[in-house]
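Structural features, examined
Listed below, chain by chain, are the residues.
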Amino acid sequence: MSVETIGKASATMPANQKLVIADCDIHPSPKSVEKEIFPFLEKRWRDHYQTYGMLLRQPYQAGPAYPKGQPDAARRDAYGPNGEKPGSDLEFMRKHHLDRYNIELGVLNPLKSGQGLQNPDFAAAYCKAINDWQIAEWTSKEARLKGSVCLPYEDAILSAKEIERRAGDPNFIQAFMLIRTSEPLGNRRYWPIFNACVEANLPLAVHAFGFGGTPVTGGGWPSYYTEDMVGHSQSAQSLVTSMVMEGVFERWPELKLIIVEAGFAWAPALSWRLDRIWAQNREELLHVKRPPSEYMADHIWYTTQPFEEPDRRGHLKDIFEWIGWEKLLFATDYPHWDFDDPTRIPLPRATDEQKQSFFIDNARSLYGV
Amino acid sequence: MAKHIAAKVMDIPPGERLSVEVQGRKIVIFNVAGEYFGLRDACPHMGGLLSEGVVIGLVEADRPGCYSYSRGGEIVRCPWHGWEFDLRTGKSRFDPNRWKTHSYDIEVGDVQQLEVETVDVTTEGEFVIVNL
Ligand code: FES
């Protein structure tokens with residue numbers, strides 16, 4: 001018999017880690033809205049926040065429409081050493097996430113950022129404050145992190161103004177909105193956003209969730225969070241379909257769209273279906289000149305978290321090939337509970353070049369950093 | 001099977017857990033009302049530390065709308081994606097035969113009984129022992 005002394009186990013970096021990583025979906029939060037966001041809000045909006053709160057365009061007004069899988073939708077181990085909210089402490093995020101996984105580029109995607117608020121002026125003021133806060137608390141302190149221009153997207157004119165304000169600012173590498181809009185995103189009311197993105201040379205990232213006021217599935221309000229979670233891929237498919245069919249990509253051939261956290265395995269099947277129906281109804285859509293699959297291939301990138309997990313990872317190989325390894329972007333969703341670990345996702349068999357492109361190079365070339 | 005001292009009994013009060021490293025293996029030991037259970041401290045899904053998970057009971061539904069709660073304190077929920085594991089067996093709830101984490105045999109004893117020759121920790125009191 002041997003006797004061991006007591007040793008506390010700790011999380012260590014996986015030994016086989018070689019790649020550097022771009023994480024295209026990290027969620028930062030303020031420790032306190034009053035302390036961190038208020039300095040960037042005019043008094044009028046600070047008062048508004050305290051009097052009326054943040055009224056979203058959704059039927060369930062007390063918090064999210066569905067309870068999350070974990071408190072704060074976060075990994076249970078993502079609270080800071082002094083109980084700081086997940087994603088709210090830069091020093092802890094460095095140790096717990098950036099250093100541990102060798103993350104060289106981290107894209108900040110703030111939620112609860114004023115997007116989807118019913119009051120359009122408050123939405124614009126709050127988004128602007130969140131954008132200022134990203135510089136003050138994050139990107140100016142940590143060069144690996146880059147910000148997203150949060151848009152009050154239901155008002156496209158105000159959104160375009162915010163994009164113009166941030167154009168050319170190296171703190172920001174994309175414009176950012178949520179997937180559940182009031183109307184399908186290809187609708188002309190949103191066009192000023194696309195124009196501004198192209199002028200500012202910023203890709204447009206559209207992240208799961210949102211507050212369009214319409215049900216979270218095409219068939220109404222479901223009962224459970226699990227249904228809400230799989231609903232994102234439905235929302236993404238409606239969004240992509242709308243943007244193709246409304247002629248957005250025909251109108252802005254330089255527009256780059258990133259679908260964030262809404263799955264990707266659905267993309268091939270959607271494109272086949274769209275191609276077939278488009279060919280049969282070409283007269284209806286004379287402005288859609290090319291098969292929908294071509295617009296999708298040219299204009300759309302996908303972040304992969306939450307990763308698809310088929311029983312046999314070989315099933316994903318065809319999907320990666322159809323979409324193109326160069327169009328898939330690794331993301332963790334840190335600190336959220338449905339986090340993907342780069343060393344543990346069931347990536348299909350890949351060459352070193354494919355892995356390198358997926359984990360880092362695609363993001364570098366898309367964002368030009 | 002070799003026995004290894006992993007902790008002192010007083011380090012793991014009832015309802016608590018302790019993550020230890022024994023011979024290079026990360027093991028989490030749970031005290032469930034005086035019974036000890038040891039699991040490999042890594043979720044088989046993506047490696048979340050089970051020692052950071054919440055311990056819960058078993059909620060089941062025989063049919064829609066009909067719930068039962070049992071085995072309070074005997075299930076750990078992974079801190080990442082929430083897979084549930086039976087502390088007694090290491091088996092996952094959703095697919096027990098396919099997904100499980102290694103479970104270790106744990107006992108309590110004192111060092112004298114085990115006829116240990118050398119030990120770095122104090123030999124006072126009782127120890128939690130892992131069988132490897
Ligand atoms: S790592 Fe434990 S459930 Fe995914």
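Up top you'll find the structure we're talking about.
Now for a description of the structure that goes with this document. (Residues numbered from 1 in each chain as written. Chains lettered and ligands numbered in written order. Predicted model: local features only at pLDDT ≥ 70, side-chain atom pairs only at ≥ 80, totals over all residues. Heavy atoms only, no water.)

So, about the nonpolar core. Grouped together as the largest cluster of nonpolar side chains are 122 residues, with contacts concentrated most on I193, F194, L204, I259, Y302 and F358 of chain A. For this core, the leading source of residues is helix α4 (residues 120-139) of chain A, giving nine residues. In contact with F194 of chain A, not counting residues within four places along its chain, are L185, L204, M243, V248, W252 and L255 of chain A. Core analysis: the next-biggest nonpolar cluster, separate from the first, contains 13 residues, A6, I27, I29 and I106 of chain B among them. (Core = buried A, V, L, I, M, F, W, Y, C linked by side-chain atoms within 4.5 Å. Buried < 20%, exposed > 50% of the residue type's maximum accessible area, 1.4 Å probe, protein only. Helix = DSSP H or I, 4+ residues; strand = E, 2+ residues; numbered from the N terminus. Contact = heavy atoms within 4.5 Å.)

Bringing the sheet that holds strand β9 (residues 127-131) of chain B into the picture now. All names here are of chain B. The six strands lie next to each other as β1-β9-β8-β4-β3-β2, forming an open sheet whose pairing is antiparallel. Because the sheet does not close on itself, it has two edges, and the strands there are β1 (3-8) and β2 (17-22). Ignoring which end each strand starts from, the neighbouring axes of this sheet average 30° apart. Examined bridge by bridge, strand β8 (residues 103-109) and β9 share five bridges and lie antiparallel to one another. In the strand pairing of β9, E107 is matched with I129. (Pairing = 2+ DSSP bridges. Axes fitted to C-alpha atoms, helices over the stretch in contact; angles between N-to-C directions.)

Moving on: the sheet that holds strand β1 (residues 21-26) of chain A. All names here are of chain A. Read from one edge to the other, the open sheet built from eight strands follows the order β1-β2-β3-β4-β5-β6-β7-β8, with strand pairing classed as parallel. If you trace the sheet from one side to the other, it starts and ends with β1 and β8 (328-329), each paired once. The pairing of strand β7 (residues 300-303) with β8 spans two bridges and is parallel. Of the residues in β8, the one forming a bridge with T303 is L329. Taken strand by strand, helix α10 (residues 292-299) contacts β6 (257-260) and β7, and its axis lies near 60° from that of β7.

A word on the packing of helix α2 (residues 43-52) of chain A against α4 of chain A. Geometry of a packed helix pair, given as the angle between the helix axes and the separation of the axes. Residues and elements named next belong to chain A. Running from N to C, α2 and α4 point in directions that differ by 110°, and their axes come no closer than 11 Å. Comparing the axis directions of α2 and α4 gives the class roughly perpendicular. α4 is crossed by α2, and the crossing has left-handed handedness. Residues W45, H48 and Y49 of α2 form the contact with α4, whose participating residues are D121, F122, A125 and Y126. (Parallel < 35°, antiparallel > 145°, perpendicular 65-115°, else oblique. Left-handed = near helix turned anticlockwise from the far one by under 90°.)

As far as function goes, none of this settles anything; it's purely spatial.
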